[in-house]
Structures are given as structure tokens and as C-alpha cells.
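Chain residues, written in single-letter form:
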Amino acid sequence: MAKLKFPENFWWGSATSGPQSEGRFKKKNRNIFDYWYDIDKKVFFNEVGPDVASNFYNSFKEDIALYKKIGLNSLRTSIQWTRLIKDFETGEVDEDGVRFYNEVIDEFIRQGITLVINLYHFDMPIELQEKYGGWESKHVVELFVKYAKKAFELFGDRVKYWMTFNEPIVPVEAQYMYKFHYPLIVDGKKAMQVLYNTALASAKAIEAYGEYKKRTGNNGEIGIILNLTPSYPRSENEEDIKAAEISDAVFNNSFLDPAIKGEFPRLLTDILEKDGVLWESTQEELDTIKKNTVDYLGVNYYQPRRIKARETEFDMSSGWLPDKYFENYDMPGKRMNIYRGWEIYPKAIYDIAKNIQENYGNIKWFISENGMGVEGEERFKNAEGVIEDDYRIEFYREHLTHLHKAIAEGANCFGYHTWTPIDCWSWTNSYKNRYGYISVDLPTQIKTVKKSGHWIKEVSESNEIEGWDM
């Protein structure tokens, strides 16, 4: 083992979101998950919904003090569109929402923790989903920009780091392709329009933030958070390589390219045009995307994709999906997180870093999520009531070792955020798998620092890890 030092002022932090931590207290509007839980509780693990979550709405001062206690110098969360805005059409704000977010921001400043605020984390207002089809609608794009402008005006004097979207490919996949999230639609054409409209909404929010900065002399920055899942081909065979390239174009570069280069990957648009499922766009919109790229990038990394050329004909009975061009390949001998069903492959964090360095202008970026979800963590509790999550510490250590190697080779990475600071509510998974540095007992809401929470404090204070000299 070797001591691996990280760059000065490195972000050691964590990430959560409004809908996954706050609870629904005093929230006037419902997002799609609030609504889905209200109509079909059995979809959610143990029927636990977002009503309380980890109670951040009521306990944010104590929670932020815990973040400070474990040495986090930065943290990312999100504003809930459904909490801040009372009337989506006019953009009229909810006074309690304004009060709450002001108090949260001020508390982070008081505790000396750098705050990153994200504007959208899977939480489409149900009213806009039902009335307009959510991101299917360009009117909803304009309503999102109206909301973003309100957030900048209200909080931009104190928040210096903004994000437009977290993992924007996930609603495309989960809501419109693979039926993981409400409204459980399978429609490849709609999915691609949602993809395009989301990229457009991000660019328009970046444009609005630029106008805000000019008007106020503000020096903040705005970016986007993308979950990058590198597609590794089964073999060096030309068909496998092509399949992996198409998979990357759909799941990674579809948002990475417009965010940084201002245009969509040609491989993707050519396929969509050929198959008759290309989105509707205007030259004015494409110009907006071209001109409004990100200042910095957040990268969520959990798992890779293993891809092979299709060996069985894709069933087109449900219409077009990009899966007609590739299949997932179940690589023998891969390490797995058995609780989540995800492959553990730390080297991909190095590969992502090199890709950004070599193909995306070495833009500045940070790991905005990396984490290990484990079920039944209470069985690792010691006599003092502390969860000894050595498996999580080793997971982080491995990933950070590969990240350190990339930084040593010139990758422009300035931070590492885990998912998540305190065990949080996670969509249909609810609290099945826990990810936090800090555990939460749901019946009592008592929060206890895990062994990994003590570990990250040492890492943050020394700015180094015990890793492998690569």
C-alpha cells in the first residue's frame, strides 16, 4: 500500500437529492414519484414511500452538522421543482419552499461546506406529466427554464455551483424504454424526443444562468451530472466493437457531446434518422445547444456495460428501441455487488477520466456519485452500534486508486463525491439497499455515523488515501 496524495482543495463530499432526503412535509405539489406512491404503494420496497425519507426538511441543521463532523467539505443536493414553485405556468413561488431552501443554503455556508445545487433529479411534477407528457413537451422545457430563473434569482447570490440535471438519460430509459419509472411507457420515438428536449432544457437553463451572471456580475458556474457507463465490447471483433460504439452513443455520448461540444453524436443522429425516430428540432434550438455548453461536468459512476453484437433478432413488437443494435454480454468471472446486481469494475473510473481528457478538451470535472448499496447492513453493527462497512471503504479505496492514477496523468478531476451522506430513499428500491456514510433508523430517524464516515474524515483531513501504487 502507498499513500496517494490528491490535488490541493480537492472536493471530498457526497450527494443526495431533494425528493430522496427531504420528505413531503408542507410540499404543495406532487412529483411523479409522490403520485405513483399514492396510487400504487406495493411497487415500492416494503411499501416505503417518499413521505418522510430521511427527514431532511425537519432535521437539516443536525444533518449538515453530521456532514461537517465526518469531514465533508462539499455536498450536492437538489431543489425540488414541486417544492419551490407553487404555480408552474406563472412561475409563482411557494413561500415555505423559498424559506426552506434559504435556510438550508445559509446553514451550509455557516458550516463552511461548499454547496452544489442541482435543478432536476427525476422529479417531474405530475401535473406537467399528465397535462403535457413531461419532457415530451417543449412547453415544459420553457416552464423548466422559468423555474431555473427563479432559483438563480433567489439563491444565486450564495450558490456558486449549479447543475441543470442529474443523470438525464435515466428518465429516458426508465420512463420511456424499460418501464422502471412512472409512467411506464415503451416508446422509442418518444424516448428520443425526451432525450432531445432534456438536452435543450439544459442548454436553455445554462443560457439563462449566463444572462443572470451578466446582469448581476456573479462569478458562479453551471454544469450537468451524467452517469457514464462505459460500453466494453465482448471482443475485438468488428461487430462487437460497433455494437459497443452504438451503445455508448445512446447511453453516454447522447448527453456528453451536447453538454461539452454543443452537438449530438453523428453516429446517433444517423441511426435515428435512418430508423425514422429522429427527434423534432429547429435550427434555432440547435444553435442554443451549440452556444450554451457547460462550465464543468459531474460524473456518476457505478458500473460498466458489457456489450456484444446482437445474436438474436430484436423483438420489434413494442416498436423501435436502440437494443436492436446490441445486446448485453454476461462476462464470466466479473465481480458483482450481489445486492444491487451491478458489476464492480473500478478501472472504468480511469477509462472515463482518460476519455474526458483526450476527447472532451480535458474539461474540469468531478466524480459526483460513486457508491455501494448493501442490503441488511444492520448485521454489520458492532457492540457500540456502529455499522462496520469495511466493504464500502475498500470499494472507495479501489476506485480512488484508479482515479488518482488518471489525475497523475493529467486528468482535470477536482473532486470525489459518494452516494450518499445519509442513507436516503431510493425510488422503488426505497431503503432496501443502503449507501450512506451515516445510517438512519427509519422508525426513530436516529442517525449514526458508520465506520466509512470515520474513514472519510481521515481522508478529507489528510487529502490522501492508502491505495496501490499503480
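Residues numbered from 1 in each chain as written. Predicted model: local features only at pLDDT ≥ 70, side-chain atom pairs only at ≥ 80, totals over all residues. Heavy atoms only, no water.

Engineer: Just to check I follow, could you spell out the pattern of salt bridges for this structure?
Structural biologist: Close approach of charged atoms allows side chains of opposite charge to pair. Applying the stated rule across the entire model yields 47 salt bridges. Lys 28 is the partner of Asp 94 in a salt bridge, and the nearest nitrogen-oxygen pair spans 3.1 Å. One end of the pair, Asp 94, is in the loop between β5 (92-93) and α5 (95-111); the other, Lys 28, is in the loop between α1 (18-21) and α2 (32-39), and 66 residues separate them in sequence. In this structure, Glu 263 engages Lys 290 in a salt bridge whose closest nitrogen and oxygen atoms are separated by 3.0 Å. Of this pair, Glu 263 sits in the loop between α11 (253-260) and α12 (266-274) while Lys 290 is found in helix α13 (residues 283-291), placing the two residues 27 residues apart along the sequence. Classification of Lys 290 as partly exposed rests on a relative accessible area of 42%. When salt bridges that share partners are traced, they join Arg 24, Lys 27, Arg 30, Asp 34, Asp 38 and Asp 51 into one network. (Salt bridge = Lys/Arg side-chain N within 4 Å of Asp/Glu carboxyl O. Helix = DSSP H or I, 4+ residues; strand = E, 2+ residues; numbered from the N terminus. Buried < 20%, exposed > 50% of the residue type's maximum accessible area, 1.4 Å probe, protein only.)

Engineer: I tried to follow the nonpolar core on my own but got confused; where do I start?
Structural biologist: Generally speaking, a soluble globular protein has its nonpolar side chains buried in company with each other. Trp 81, Trp 135, Phe 144, Trp 162 and Leu 403 are the most contacted members of the largest nonpolar core, which totals 145 residues. Ranked by residue count, the leading element in this core is helix α9 (residues 188-216), at 14 residues. Beyond its immediate chain neighbours, meaning those up to four positions away, Trp 135 contacts Trp 81, Tyr 120, Met 124, Val 140, Val 141, Phe 144, Phe 165, Gln 193, Val 194, Asn 197, Thr 198 and Ala 201. Core analysis: the next-biggest nonpolar cluster, separate from the first, contains seven residues, Val 116, Met 163, Ile 225 and Phe 414 among them. (Core = buried A, V, L, I, M, F, W, Y, C linked by side-chain atoms within 4.5 Å. Contact = heavy atoms within 4.5 Å.)

Engineer: Looking at this model, I keep getting lost on the pairing of strand β11 (residues 305-308). Mind explaining?
Structural biologist: For a regular strand, side chains alternate in direction, first toward one face of the sheet and then toward the other. What you see with β11 is no split at all: Arg 305 and Ile 307 on one side and Arg 306 and Lys 308 on the other are buried throughout. In terms of strand pairing, strand β9 (residues 231-233) meets β11 through three bridges, oriented parallel. Across the sheet, the residue bridging to Tyr 232 is Arg 306, located in β11. When β11 meets strand β12 (residues 327-328), the two strands line up antiparallel, connected through two bridges. Of the residues in β12, the one forming a bridge with Lys 308 is Glu 327. (Pairing = 2+ DSSP bridges.)

Engineer: Explain the sheet that holds strand β15 (residues 365-369) to me, please; I cannot follow it from the model alone.
Structural biologist: Pairing within the closed barrel is parallel, and its eight strands lie in the order β2-β3-β6-β7-β8-β10-β15-β17. With direction set aside, neighbouring strand axes in the sheet form an average angle of 25°. The pairing of strand β10 (residues 296-300) with β15 spans four bridges and is classified as parallel. Note that in β15 the partner of Asn 300 across the bridge is Glu 369. (Axes fitted to C-alpha atoms, helices over the stretch in contact; angles between N-to-C directions.)

Engineer: Whenever I open this one, empty space enclosed by the protein confuses me. Can you help?
Structural biologist: With a probe scaled to a water molecule rolled over the atoms, the places where space remains empty come into view. Evaluation of the coordinates by the stated rule reveals six cavities of 30 Å³ or more. In this structure, the largest cavity spans a volume of roughly 70 Å³. Every residue along the wall of the largest cavity is listed here: Ala 199, Ser 202, Ala 203, Ile 206, Ile 224, Phe 255, Pro 258, Ala 259, Ile 289, Asn 292, Thr 293 and Val 294. Broken down by secondary-structure element, the contributors of at least two residues to the lining of the largest cavity are α9 and α11. Examining the composition of the lining of the largest cavity, we find that four residues originate from one element, α9, more than from any other. Here the residues of the lining of the largest cavity are counted per class, giving nine nonpolar, three polar and no charged. Each pocket or cavity is described by its volume, and for the second largest cavity that value is around 60 Å³. Around the second largest cavity sit Tyr 302, Asn 337, Trp 342, Glu 343, Ile 344, Gly 371, Met 372, Gly 373, Phe 395 and Tyr 435, which together line it. (1 Å grid on protein atoms, 1.4 Å probe; cavity = no way out; pocket = protein on both sides within 12 Å on 5 of 7 lines; lining within 4 Å. Points joined across faces, edges and corners; volume = space filled by probe spheres on them. Nonpolar A, V, L, I, M, F, W, Y, C, P; charged D, E, K, R; others polar.)

Engineer: Would you explain the packing of helix α14 (residues 347-359) against helix α15 (residues 390-408) in this entry?
Structural biologist: Axes are the key here: two packed helices are described by the angle between their axes and the distance separating the axes. Packing of α14 against α15 brings their axes to within 7 Å, and their N-to-C directions diverge by 25°. Classed by the angle they form, the pair α14 and α15 counts as roughly parallel. The handedness of the crossing between α14 and α15 comes out as right-handed. Contacts from Lys 347, Ile 349, Tyr 350, Ala 353 and Gln 357 in α14 reach His 399, His 402, Leu 403, Lys 405 and Ala 406 in α15. Considering only residue class, the contact of α14 with α15 consists of five nonpolar, three polar and two charged. (Parallel < 35°, antiparallel > 145°, perpendicular 65-115°, else oblique. Left-handed = near helix turned anticlockwise from the far one by under 90°.)

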